[in-house]
Amino acid sequence: MSHSSAVLAFDMGASSGRALLGEIAASPDGGSQGILKITEIHRFANVPVQFGEHMHWNTPMLLQEVKNGIRKAFQAGYAPVSYGIDSWGVDYGLIDRNGELIGIPYHYRDPRTEGMVEETCSQVGRERLFQESGLQFMPFNTIFQLNAMRKASSPMLDIADALLLTPDLINYFLTGVKACEFTMATTTQLYHVRQRKWNEPLIEELGLNPSMFIEPVEPGKWIGNLSGSTAKELGVPPIRAIAVASHDTESAVVAVPASSPSFAYLVCGTWSLLGTEMKEPLIHPDVLKEDFSNEGGAFDTFQLLKNIMGLWILQECKRQWDQQGLDYGYGDLVRLAEEEEAFRSFIQPDDLRFMNPADMISEIQTYCRETGQPVPESTGAMVRCILESLAFRYREVLESMERLTGIRYEGLHMVGGGIQNELLCRFTANALGRTVWAGPVEASAIGNMLVQFIANGALASREEGIELVKRSFPLAVYDPEADSEWNAMFSKYQAATRERQVSG
């Protein structure tokens, strides 16, 4: 593959975004098969903005940073033939009939959705909502955000002509083309996963306009090219925009270097998503009971997965320590945790009290106090409590998933930025009593690139893409150590968290 056949992947997370350039380059050992070479072009912070009582995304800044990434790629001498954007799910912008953005898109942690799960379920029925959407009940799902707007009689809904989820919204302002990508559509809880179309009866029952919802396109489809005005503004050619698996979780799954078609994965970052890939959604009362989701994936797949609160809890603690002038790097935090006594106290990471508290540290301490456990006071004890709790939560969710699928998974593939926390990977292997394969770190961006390479004809298939990943990014392997001790402590974790399970 020539230098001029590169692709540009924008991977936007809840706290930062990056533009990475991917090329299939010659193997350094002179082998006949190429490797995937990744170059970071641009990195930017993604900081929400508080307007009065509400939290919003800084969408104009995100658009500008994507433009900066495209410009920088060409300034650096690359000539990407296409770009793709992946991001978190559920959030959206509304477009009026003149093609203008209405207001500033809300952040999924905005408090306006409090109580909306219960209210919406009482309105349309919890079982029905699961049967049709296949989704776990999370208070920030698009359906609950829109119902909160409807309940508040938002005039924005009255003038909205189109709803565009985050990557589609950015693409629209770059290309002028309104599109809706399939994997993102399935995060809304307004998409009927078995009929494979928007759930118009439900949308109408909620007092929403079905014509706002654009027919989804599959990952790998060409959306359009950079518009003439965008290309002129950036001084670049009108490169292709590809609809990748634009929900970042599904992009990450594309890059999981599994050896078997049946594998368990954990996409590890601000959120943890633990799941497995399937050909069809699994719609069953036990899936509802266990609060799992069926999200659309790339290459005609569905992901049976569960959202777990993830490293957000640690990130928030670190933010507080930073504000106190305690300048810990993540390496420092891991070292302090290793020095602390093991298995002293646990939290239920998915307790909604950890969703967006004003003071995460005191919230954890209060939880431990309320459950009759030692209260973590030192920084190291706090970090150890979080990481051990996450590892045990992963075991709990993996075992639930095995009951749902009837499959026992030999180990767990961990991908994403969170795997740079080697202590978490070690703890997870110990808690599971199984092997953890960690890598690649930039899984979402790599999956984004693979879909583009296939769309552009540089790779023939997903299987070819997985082999490329395996050649290019060595895995770190964590085998369980002292797992009998961890096994004994699992019941202690469950006793401390059993009463605190989250119900929808």
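Residues numbered from 1 in each chain as written. Predicted model: local features only at pLDDT ≥ 70, side-chain atom pairs only at ≥ 80, totals over all residues. Heavy atoms only, no water.

As annotated in an unreviewed UniProt entry, the protein is Rhamnulokinase from Paenibacillus ihbetae.

1. Description of the overall build of the protein
Broken down by element type, the protein carries 19 helices and 22 strands. Computed over the C-alpha atoms, the radius of gyration of the protein is 22 Å, within 12% of the 23 Å expected from 2.2 N^0.38 for a compact globule of 504 residues. Within the protein, the proportion of its 504 residues that are buried is 62%. If you take every contact in the protein between residues at least 6 apart in sequence, the share linking residues at least 24 apart comes to 74%. The protein carries 42 positive and 64 negative side-chain charges, and their two centres are separated by 1 Å. (Helix = DSSP H or I, 4+ residues; strand = E, 2+ residues; numbered from the N terminus. Rg over C-alpha atoms; globule rule 2.2 N^0.38 Å. Buried < 20%, exposed > 50% of the residue type's maximum accessible area, 1.4 Å probe, protein only. Contact = heavy atoms within 4.5 Å. Lys, Arg positive; Asp, Glu negative; His and termini not counted. Charge placed at Lys NZ, Arg CZ, Asp CG, Glu CD.)

2. Details of the packing of aromatic side chains
Under the criterion given, the structure shown has 23 aromatic pairs. Each ring, one from F140 and one from W271, has its centre 5.4 Å from the other, and the planes form 70 degrees; the classification is edge-to-face. Here W271 lies in the loop between strand 16 (264–268) and strand 17 (272–278) and F140 lies in the loop between helix 3 (126–133) and helix 4 (142–151), a separation of 131 residues in the sequence. Ring centres of F490 and Y493 lie 6.2 Å apart, and the angle between their planes is 15 degrees; this geometry places the pair in the stacked category. (Phe/Tyr/Trp six-rings, centres within 6.5 Å; stacked < 30°, edge-to-face > 60°.)

3. Considering the packing of helix 15 (residues 379–405) against helix 19 (residues 483–497)
Between helix 15 and helix 19, whose axes approach to 10 Å, the crossing angle comes to 90 degrees. As far as their axial angle goes, helix 19 and helix 15 are roughly perpendicular. Between helix 15, through E388, S389, A391, F392, R393, R395, E396 and E399, and helix 19, the contact on the second element is made entirely by W486, N487, M489, F490, Y493 and Q494. Looking at the contact of helix 15 with helix 19, its residues break down into six nonpolar, three polar and five charged. (Axes fitted to C-alpha atoms, helices over the stretch in contact; angles between N-to-C directions. Parallel < 35°, antiparallel > 145°, perpendicular 65-115°, else oblique. Nonpolar A, V, L, I, M, F, W, Y, C, P; charged D, E, K, R; others polar.)

4. Details of the pairing of strand 9 (residues 160–165)
Counting buried positions over the six residues of strand 9 gives five, a clear majority of the element. Here five bridges tie strand 7 (residues 92–96) to strand 9, and the two strands are oriented antiparallel to one another. Within the sheet, the bridge partner assigned to L94 lies in strand 9 and is L163. (Pairing = 2+ DSSP bridges.)

5. Here we look at the UniProt feature "domain: Carbohydrate kinase FGGY C-terminal" (unreviewed entry) in the protein
With numbering matched to this structure, UniProt assigns "domain: Carbohydrate kinase FGGY C-terminal" (unreviewed entry) to residues 264–455. Its end C-alpha atoms 26 Å apart, residues 264–455 is made of 46% helix and 17% strand. (UniProt positions renumbered as here; feature names shortened; annotations may be inferred.)

6. Examining the sheet that holds strand 22 (residues 476–478)
One open sheet accounts for seven strands, arranged 18-19-17-16-20-21-22; its pairing is mixed. The sheet terminates laterally at strand 18 (293–296) and strand 22, the two strands that pair on one side only. Averaged over all neighbouring strand pairs, the angle between strand axes comes to 30 degrees, with direction disregarded. Across four bridges, strand 20 (residues 411–415) lies against strand 21 (residues 435–438) in parallel orientation. Looking across to strand 21, one finds that M414 is bridged to A438.

7. Concerning the pattern of salt bridges
Enumeration over the complete set of coordinates arrives at 28 salt bridges. Note that R196 is salt-bridged to D300, the shortest N-O span being 3.8 Å. Linking R196 in the loop between strand 11 (191–192) and strand 12 (197–198) with D300 in the loop between strand 18 and strand 19 (302–308), this pair joins segments that are 104 residues apart in sequence. A relative accessible area of 31% places R196 in the partly exposed class. On the accessibility criterion, D300 (47% relative accessible area) is partly exposed. Among the ionic pairs, E277 bridges to R462, the shortest N-O distance being 2.8 Å. Of this pair, E277 sits in strand 17 while R462 is found in helix 18 (residues 462–472), placing the two residues 185 residues apart along the sequence. Both residues of the pair, E277 and R462, count as buried. (Salt bridge = Lys/Arg side-chain N within 4 Å of Asp/Glu carboxyl O.)

8. Here's the deal with the nonpolar core
Within the largest apolar cluster, 164 residues are counted, with the highest numbers of intra-cluster contacts made by I70, L94 and I364. By residue number, the principal contributor to this core is helix 15, which donates 13 residues. Those residues in contact with L94 that sit more than four places away from it in its chain are E100, L101, I102, M149, M156, L157, A160, A162, L163 and M212. One finds I95, A162, L164 and L169 within the second-largest nonpolar core, a separate group that totals five residues. (Core = buried A, V, L, I, M, F, W, Y, C linked by side-chain atoms within 4.5 Å.)

9. Quick look at the sheet that holds strand 8 (residues 101–102)
Ordered by their spatial adjacency, three strands build an open sheet running 8-7-9, and the pairing between neighbours is antiparallel. Since the sheet does not close on itself, it has two edges, and those belong to strand 8 and strand 9, each with one partner. In terms of strand pairing, strand 7 meets strand 8 through two bridges, oriented antiparallel. Looking at strand 8, one finds that L94 is bridged to I102. Relative to strand 7, helix 4 is tilted by about 50 degrees, and along the sheet it contacts strand 7 and strand 9.

10. Description of helix 16 (residues 422–432)
Counting buried positions along helix 16 yields nine of 11 residues, so the element is predominantly enclosed. Buried within helix 16 are the following residues: L423, L424, C425, F427, T428, A429, N430, A431 and L432. Positive phi shows up at G433, right after helix 16, with a value of about 70 degrees.

11. Details of the state of the cysteines
Per the stated rule, a full pass over the model turns up zero disulfides. Free cysteine: C317, not disulfide-bonded; nearest cysteine sulfur from C385 at 9.0 Å. Free of any disulfide, C425 has its nearest neighbouring cysteine sulfur in C268, separated by 6.7 Å. The buried category is assigned to C425, whose relative accessible area is 0%. (Disulfide = S-S within 2.5 Å.)

12. Considerations on the pairing of strand 6 (residues 82–87)
The buried fraction of strand 6 is high, at six of six residues. Taking every second residue as pointing to the same face, both faces of strand 6 are buried, with S82, G84 and D86 on one and Y83, I85 and S87 on the other. As paired elements, strand 1 (residues 7–12) and strand 6 share six bridges and run parallel to each other. Note on strand 6: the bridge partner recorded for M12 is S87.

13. Some points on the environment of K492
Summarising the element assignment, K492 is placed in helix 19. With 146 residues separating them in the primary sequence, K492 and F346 have C-alpha atoms 8.6 Å apart. If near-sequence neighbours (up to four positions away) are discounted, K492 is found in contact with F343, R344 and F346. In this structure the side chain of K492 is engaged in a polar contact, spanning 2.6 Å, whose partner is the backbone oxygen of F343. (Polar contact = N/O pair within 3.5 Å; in protein donor to acceptor, adjacent residues only side chain to side chain.)

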